[in-house]
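Inside the fold
Below, each chain spelled out in residue letters.
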Amino acid sequence: MQTIHITGGRPLSGTLRPACAKNSVLPLLAASLLCRAPCAFTHVPRLSDVDTSLALLRAVGAGAMRQGTTVTTWPVPDCTLTGAVPPAQAGAMRSSVFYLAPLLCRCGTVRLPLPGGCRLGPRPVDIHLAGLTAMGAQVELSADAIRITRNGWLHGTDFTLRLPSVGATLTLLMAATQAAGDTVLRGAACEPEIVDMARFLQACGASVTGAGTPVITVRGGRELSGAVFAPVPDRIAAATYAAAAACAGGAVTVEHCPPALLDSFLVFLERSGCDIQRGRTRFTVTRQRRLQGGQELVTGGWPAFATDTAPLAAAVLLTAAGESTIRDTLFQSRFACAEGFAALGADTAVGEGGRCLTVRGVETLHGARLHAPDLRGGAALLLAALCAGGESLLYDAGHISRGYEDLPGDLHTLGALCR
Ligand code: EPU
């Protein structure tokens, strides 16, 4: 799926179910390295980052395989594991950073070539490293790799994150389960994926309290068993389906996904003029008339407006009446998709060094040749092309398959003309 052909202008109708969240299952696969019994994760989408994670697990000596939508990992003795992450897997995805803590705990030393992932601006890992250092690890940075060692076991600590990083909270949660004594993490991220990691670790026998709040306490030193675990549904995929209905018009139902997981996005769609019907584990988005802009969106940590949904919101606002702004407080280059929006005939401007997108809604968009700049920006261009008259070609669509198993196929089942 490197190029997607889209013929816009068809309203959507139907029902979709998101797979489990990429940003939950990727760190969970890394956490399974801590377990002394097999783990099985259900409803896992076929994504290139999941394939990369399975290859990484096997490359460091662990057991990992997929059977249908279930991914199983199984334990191996410490002596058969290596703490050297191969550059091919480290460079292919940002989530290779989640292997720092488990491999450090299991092998006593870990070497990670600098992690890859979407180019959203600088993505430092200083908080991951500061937290591990506070637990007694020694960190060495070189131009192309991170090396961490421990002498003896990590120890519990009282650590304040300088900002609520999702990735660093996950790293420190994993490490804290293996440290001697209690760890208190203050200023922790509160995203559903953090709660999911805590639920998984608890299912394996760890003692974790406070996940989902800024203060998390972990009682360390317990040996972890395995678990059969259903990770949380993908709230960003669910928001993408909701945004598709808002862009193309029609009615789309998302099932097996509590609407509370993406409330900030649904409230945005409601304010824009969509009708939202909420159930306990499903919701329907209906768009019948032209939407209203005039919105000022600011991204932030949970439960604020999610950074990953900022490009999707932009796609919705391209044809909404009035001027809107979207400011991303987390990443510097969220709006690389603006070039593609312009090619479709949209009126947008990137400001504040890349952090802010201004959208002045136009009446119509037209088909164009587009390039996906990154995962969510690529998805946003696909949605924008759905409401453009005529044909569009979206190149570099491999970025999209890092986060969605088959987004064109999903949209096709709703009646969109895309393949
Ligand atoms: N940050 C630091 N130092 C650190 C860690 C983070 O300065 O040590 C900064 C980052 O540069 C960024 C901010 O803190 O400005 C937030 O970063 P965070 O660590 O929360 O994000 P992440 O763990 O790198 C995950 C998701 C992202 C998602 C963000 C925010 C994964 C693999 N990635 O990234 O998802 O946008 O949380 O919710 O879990 C995506 O799915 O395409 C994606 C980019």
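Residues numbered from 1 in each chain as written. Predicted model: local features only at pLDDT ≥ 70, side-chain atom pairs only at ≥ 80, totals over all residues. Heavy atoms only, no water.

**Things to note about the overall build of the chain**
Going by this rule: Segments assigned H or I by DSSP are reported as helices when at least four residues long, segments assigned E as strands when at least two residues long, and all are numbered from the N terminus. In this description the radius of gyration comes from C-alpha coordinates, and the expected globular size is given by 2.2 Å times residues to the power 0.38. Exposed residues in this analysis have more than 50% of their type's maximum accessible area, buried residues have under 20%, and partly exposed residues fall in between, with area computed by a 1.4 Å probe over protein chains only. For this analysis, residues touch if any pair of their heavy atoms sits within 4.5 Å.
Along the chain, the regular secondary structure elements total 13 helices and 25 strands. Here the C-alpha radius of gyration of the chain, 21 Å, is about what a compact globule of 419 residues would show, namely 22 Å. Considered along the principal axes of its C-alpha atoms, the chain spans approximately 65 × 45 × 40 Å. A buried classification covers 57% of the 419 residues belonging to the chain. Long-range contacts, defined as pairs at least 24 residues apart, comprise 71% of the intrachain contacts of the chain with a sequence gap of at least 6.

**Some thoughts on the site of the ligand**
As a reminder of what qualifies: The cutoff for a nearby residue is simple: one of its non-hydrogen atoms must lie within 4 Å of the molecule or strand. Under this definition, polar contacts are N or O atom pairs within 3.5 Å; protein pairs additionally need one hydrogen-donor-capable and one acceptor-capable atom, and for neighbouring residues in sequence, both atoms have to be side-chain atoms. Here, Shrake-Rupley sampling with a 1.4 Å probe gives the accessible areas, and only protein chains in the shown set may cover a residue. In this classification, Asp, Glu, Lys and Arg are treated as charged, Ala, Val, Leu, Ile, Met, Phe, Trp, Tyr, Cys and Pro as nonpolar, and every other residue, Gly included, as polar. Domains are outlined according to an automatic or database domain assignment.
Around the ligand, 24 residues are found, and the nearest of them are D126, I127, S165, V166 and L330. P124 places a polar main-chain atom, nitrogen or oxygen, 3.3 Å from a nitrogen atom of the ligand. Here the ligand has 830 Å² of accessible area as a free molecule, and 93% of this is covered by the chains. Among the secondary structure elements, those contributing two or more residues to the shell around the ligand are helix 1 (22–31), helix 5 (126–134), helix 6 (166–178) and helix 12 (375–386). Take the shell around the ligand: its biggest share by element is three residues, from helix 5. Tallied by class, residues from the shell around the ligand come to 10 nonpolar, six polar and eight charged. The two domains that each donate at least three residues to the shell around the ligand are domain 1 (4–18 + 233–418) and domain 2 (22–229).

**Focus: the domain arrangement of the chain**
The line we're drawing: The term buried area means the drop in 1.4 Å probe accessible area that two parts suffer when joined, counted for both and summed. When a carboxyl oxygen of Asp or Glu lies within 4 Å of a side-chain nitrogen of Lys or Arg, that pair is called a salt bridge.
Domain parsing of the chain yields domain 1 (4–18 + 233–418) and domain 2 (22–229). Each of domain 1 and domain 2 has a C-alpha centre, and the two are 31 Å apart. Contacts between domain 1 and domain 2 engage 19 residues on the former and 20 residues on the latter. Summed over both partners, the interface of domain 1 with domain 2 buries about 1700 Å², with 52% contributed by carbon and sulfur atoms. Counting the surface domain 1 buries against domain 2, the share from its top three residues, W302, R402 and E405, is 38%. Along the contact surface separating domain 1 from domain 2 lie two salt bridges. For the interface between domain 1 and domain 2, the tally reads six residue pairs in polar contact (both at pLDDT 80 or more). Classifying every residue of the side of domain 1 that touches domain 2 by side-chain character gives six nonpolar, five polar and eight charged.

**Some details on the packing of helix 8 (residues 235–248) against helix 10 (residues 310–317)**
Short version of the rule: Axis definition: a line fit to C-alpha positions, over the contact stretch in the case of helices; interaxial angles, taken between N-to-C directions, run 0 to 180 degrees. Should an angle lie under 35 degrees it is considered roughly parallel, over 145 roughly antiparallel, and from 65 to 115 roughly perpendicular; all remaining angles are considered oblique.
Contact pair helix 8 / helix 10: the axes reach a minimum separation of 9 Å and the direction vectors enclose 5°. Judged on the interaxial angle alone, helix 10 and helix 8 are roughly parallel. Of the residues in helix 10, those in contact with I236, A239, T240, A243, A246 and C247 of helix 8 are L312, A315 and V316. In terms of residue class, the contact of helix 8 with helix 10 is built from eight nonpolar, one polar and no charged.

**Side note on unusual backbone geometry**
Omega for the bond connecting W302 with P303 falls within 30 degrees of zero, at 10°, which places this linkage in the cis form. The topology assignment puts P303 in the loop between strand 17 (296–298) and helix 10. Residue H256 is not a glycine yet carries a positive backbone phi of 55°. Locating H256 in the fold gives a position in the loop between strand 14 (250–255) and helix 9 (263–272). A relative accessible area of 43% places H256 in the partly exposed class. Positive phi is not limited to glycine here, since D396 has a value of about 55°. Residue position: D396 is located in the loop between strand 24 (391–395) and helix 13 (407–413).

**Description of the sheet that holds strand 18 (residues 323–327)**
Sheet strands associate in pairs through backbone hydrogen bonding, adopting either a parallel or an antiparallel arrangement. Spelled out, the test is: A pair of strands counts as paired when DSSP detects no fewer than two bridges linking them.
The mixed open sheet is built from four strands, whose spatial order is 17-18-20-19. The sheet is open, and its two borders are formed by strand 17 and strand 19 (347–351), each paired with just one other strand. Adjacent strand axes in the sheet meet at a mean angle of 15° when their direction is disregarded. Both strand 18 and strand 20 (residues 356–360) contribute to a ladder of five bridges, which runs antiparallel. Looking at the pairing, I326 lines up with L357 of strand 20.

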